[in-house]
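If you want the building blocks of each chain, they are given just below.
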Amino acid sequence: MTREKFYITTPLYYVNGELHIGGAYTTLAADILARWHRAHGKDVFFLTGSDEHGQKIEREAAEHGMAPKEFADSIVQKFHELWEALDITFDHFIRTTDDYHERAVGEVFKKLMDSGDIYLGRYEGLYCTPCETFVATSEDGLCPSCGRELERISEENYFFRLSKYGDALLELIDGNPSFILPPYRRAEVRNRVAEGLEDISVSRSTFKWGVPVPGDPDHIVYVWFDALLNYVTALGAPDDTERFRRYWPADLHLIGKDIIWFHCVIWPAMLMALGYEPPRTVFAHGWWTINGEKISKSKGNIVYPREVVSLYGADTLRFFLFREVPFGRDGNFTFEAVDNRYHQELANGLGNLVMRTASMITRYFGGKLPSPAVEDEGAKALAALASAMPAKVREAMERVDLGAALEHIWNVVREANRFVENSKPWVLAKEGETERLGTVLYTLAETSRLLLVELYPFLPRTAPVGLAQLGAEWDPLDAEPLERWGVLKPGSPVTKGKPLFPRVERPGV
Ligand code: MSP
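The model shown is predicted, which means the values in this text are computed figures rather than measured ones.

Rules used throughout
- Residues numbered from 1 in each chain as written.
- Predicted model: local features only at pLDDT ≥ 70, side-chain atom pairs only at ≥ 80, totals over all residues.
- Heavy atoms only, no water.
- Near = heavy atom within 4 Å.
- Polar contact = N/O pair within 3.5 Å; in protein donor to acceptor, adjacent residues only side chain to side chain.
- Areas by Shrake-Rupley, 256 points an atom, 1.4 Å probe, with all protein chains shown as cover.
- Helix = DSSP H or I, 4+ residues; strand = E, 2+ residues; numbered from the N terminus.
- Nonpolar A, V, L, I, M, F, W, Y, C, P; charged D, E, K, R; others polar.
- Phe/Tyr/Trp six-rings, centres within 6.5 Å; stacked < 30°, edge-to-face > 60°.
- Buried < 20%, exposed > 50% of the residue type's maximum accessible area, 1.4 Å probe, protein only.
- Lys NZ or Arg CZ within 6 Å of the ring centre and 35° of its normal.
- Salt bridge = Lys/Arg side-chain N within 4 Å of Asp/Glu carboxyl O.
- Core = buried A, V, L, I, M, F, W, Y, C linked by side-chain atoms within 4.5 Å.
- Domains from an automatic or database assignment.
- Contact = heavy atoms within 4.5 Å.
- Expected span 1.5 Å × (residues − 1).
- Pairing = 2+ DSSP bridges.

To continue, consider the site of the ligand. Within the structure, the ligand sits among 25 residues, and L12, D51, G256, D258 and W288 are positioned closest to it. The separation between an oxygen atom of the ligand and a polar main-chain atom of G256 is 2.9 Å. Contact with the protein chains removes 93% of the 660 Å² of surface that the ligand exposes when unbound. Broken down by element, the residue count for the shell around the ligand peaks at four residues, all from strand β1 (residues 5-14). Here the shell around the ligand is composed, by residue class, of 13 nonpolar, nine polar and three charged.

Listed below in structure tokens is the structure:
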């Protein structure tokens, strides 16, 4: 039986500098989902990469006294280091300067010139270089998206016949409720499409850093047209490759809300022009802000992932970003909030639960898991809640609601800790109620195990450590048989290890 495929992508990051936590956010989300789908039997293809052409990169490289490619190489190296530090399990990393991609972009461009979907015209108007976006109108000469100064350009340009695809796009949006997620992002895109679409410029001729237009090398392909194509060129398109047939259409393009128009309008129209299916889902997340302002290089309000990782570890960054804010909404970043989540939820909540469970089994049962020999109301209720959790997590993950998945999990963490307080195992031990104590500790061990199985995509380093302490089996490619109650066998060894989340002193606090 062939496994079902799951093709998930991140945007290609501009190589204009080191990535901050806003940039890492999309990739961490993709990694969580990729791990979750792999653990549930899917044949996952997880793509990320770098966006290297265009005026912005050309200028940035010049400021560093470097050639664009040389500059890009140095930044891509940093991306790779970051993805390694954050345990990102991508299957392929595409660079828009890769030969096969450049060749494919030229071929696609030619194809669309031949079909009449791309034609030569003249662009007179405004351009935002930081956003690499053509801007229709602006009263104050500033970019409506980033607020920076626009440049007036007047160029002979190739145009893509976007106007032709308005009706088809409306049909796509209306007929597929999960094409644009979260649902609250749909109306805005739909309304703008319904107002009517104009053809868009897809080439530039005043600089050289890009893929030359076939047969007209004074022009280079517009950086967004080039970059969007990565999602299919990475699979070998426009050649009819086995990989392309296997994985296209993408199941999930993860993006930030700032680039929703490119992904939900321009990209599907390009695909329609090429005769390819549109992606199944585009999910747009919100922005991380500092004091309410979007974290961005140009504003200089930046937090780098390593600042969190060096203090609290990579798992904490992952956990925090998806626990603190519903995935889709904006959220404000503070180190206080990271510190609170770490100490209250990871250290005192989850870490303490696993620690108490393992150490009481060690102390009272010599490190052998006791059997749940007698009935206990509290234990029964906790077991029922924990057993129901994996299905709820699944439902949330399928909607790409990472925050809801964590909330279902944390509900069980809270109840498990409450059960420890209510059942007072240390009193049961003192009073010699060994059988009841066995039931309580078995229930806690099995609950902790289920929690760690569900948390694995969010805590890929820590969850396996906790599972090992509980003597539990774990297979990152096959979680389903482990998602039911009663997998831990009485008599199996449990070891008390180091705390999963040791206390952290923040310097200067
Ligand atoms: N190169 C384009 C994407 C091309 S995709 C074919 C681009 N690159 S980017 O580096 O500027 O942004 C990459 C991603 O990082 C986007 O999804 C963007 O939304 C995200 N973020 C950048 N700053 C962010 C925050 N402050 N908060 C959350 N995400 C943010 O756009």
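Further notes follow.
Turning our eyes to something else, we now look at the packing of aromatic side chains. Under the counting rule described, the total for this entry stands at 33 aromatic pairs. Where Y123 meets F134, the ring centres are 4.8 Å apart and the plane angle is 65°; that geometry is what we call edge-to-face. In this pair, Y123 sits in strand β4 (residues 118-128) while F134 sits in strand β5 (residues 133-135), placing the two residues 11 residues apart along the sequence. Given the relative accessible area of 11%, Y123 is considered buried. Feature note: the residues Y7, F45, Y231, F244, Y247, W248, W267 and Y276 constitute an aromatic cluster, connected by ring pairs. If you follow R192 out to its NZ or CZ, it ends over the ring of W261, 3.7 Å from the centre. The cationic tip of R246 hangs over the ring face of Y247; the distance from NZ or CZ to the ring centre is 5.7 Å.

What follows concerns the pattern of salt bridges. One pass over the structure, following the stated rule, counts 39 salt bridges. Among the ionic pairs, D114 bridges to K110, the shortest N-O distance being 3.0 Å. Taken together, the residues span about one helical turn, with D114 and K110 both in helix α4 (residues 99-115) at a distance of four residues. Take D114: its relative accessible area is 56%, and that puts it in the exposed class. Here K110 falls in the partly exposed class, since its relative accessible area comes to 40%. Shared partners join several salt bridges into a network, and the residues in it are R323, E324, R341, E345, E407 and R414.

Ranked by size, the top nonpolar core spans 175 residues in total, and within it F160, F225, W248 and F322 carry the most contacts. Per-element tally for this core: the top contributor is helix α10 (residues 260-274), with 12 residues. Both domains that meet at this core, namely domain 1 (5-286) and domain 2 (335-482), each give it at least three residues. For F225, the residues in contact, after removing those within four places along its chain, are V108, F109, L112, I118, V202 and M270.

With that settled, consider the environment of Q55. For Q55, the location among the structural elements is in helix α2 (residues 55-63). Residue Q55 is classed as buried on the basis of its relative accessible area of 9%. In the structure, Q55 is positioned 124 residues away from F179 in sequence and 31 Å away in space, judged by C-alpha atoms.

The next subject is helix α1 (residues 21-39). Between the first and last C-alpha of α1 there are 26 Å, a value that for 19 residues agrees with the 27 Å anticipated at 1.5 Å per step. The element α1 is extensively covered by neighbouring structure, given that 19 of its 19 residues are classed as buried. At the exit of α1 stands G41, carrying a positive phi of roughly 85°.

Here we take up the side chain of T462. In this fold, T462 is placed in helix α18 (residues 462-469). Taking relative accessible area as the criterion, T462 reaches 10% and is therefore assigned buried. Here the side chain of T462 touches D315 through a polar contact of 2.5 Å, side chain to side chain. Apart from residues no more than four positions distant in its own chain, T462 is found in contact with D315, L500 and F501.

Right, let's talk about the sheet that holds β5 for a bit. One open sheet holds the four strands; their spatial order is β5-β4-β6-β8, and the pairing between them is antiparallel. Edge positions in the open sheet fall to β5 and β8 (200-201), since each of these has one partner strand only. Inspection of the sheet shows β4 paired to β5 by three bridges, in the antiparallel sense. Residue pairing in the sheet places Y127 in a bridge with F134 of β5.

Quick look at the sheet that holds strand β16 (residues 331-332) now. In a beta sheet, neighbouring strands are held together by backbone hydrogen bonds and run either parallel or antiparallel to one another. Pairing in this open sheet of three strands is mixed, and the strands run β15-β14-β16 from one edge to the other. Each end of this open sheet is capped by a strand with a single partner; those strands are β15 (293-294) and β16. Of the strand pairs in this sheet, strand β14 (residues 288-290) and β16 are connected by two bridges, and their pairing is parallel. Bridge assignment links T289 to a residue of β16, and that residue is N332.

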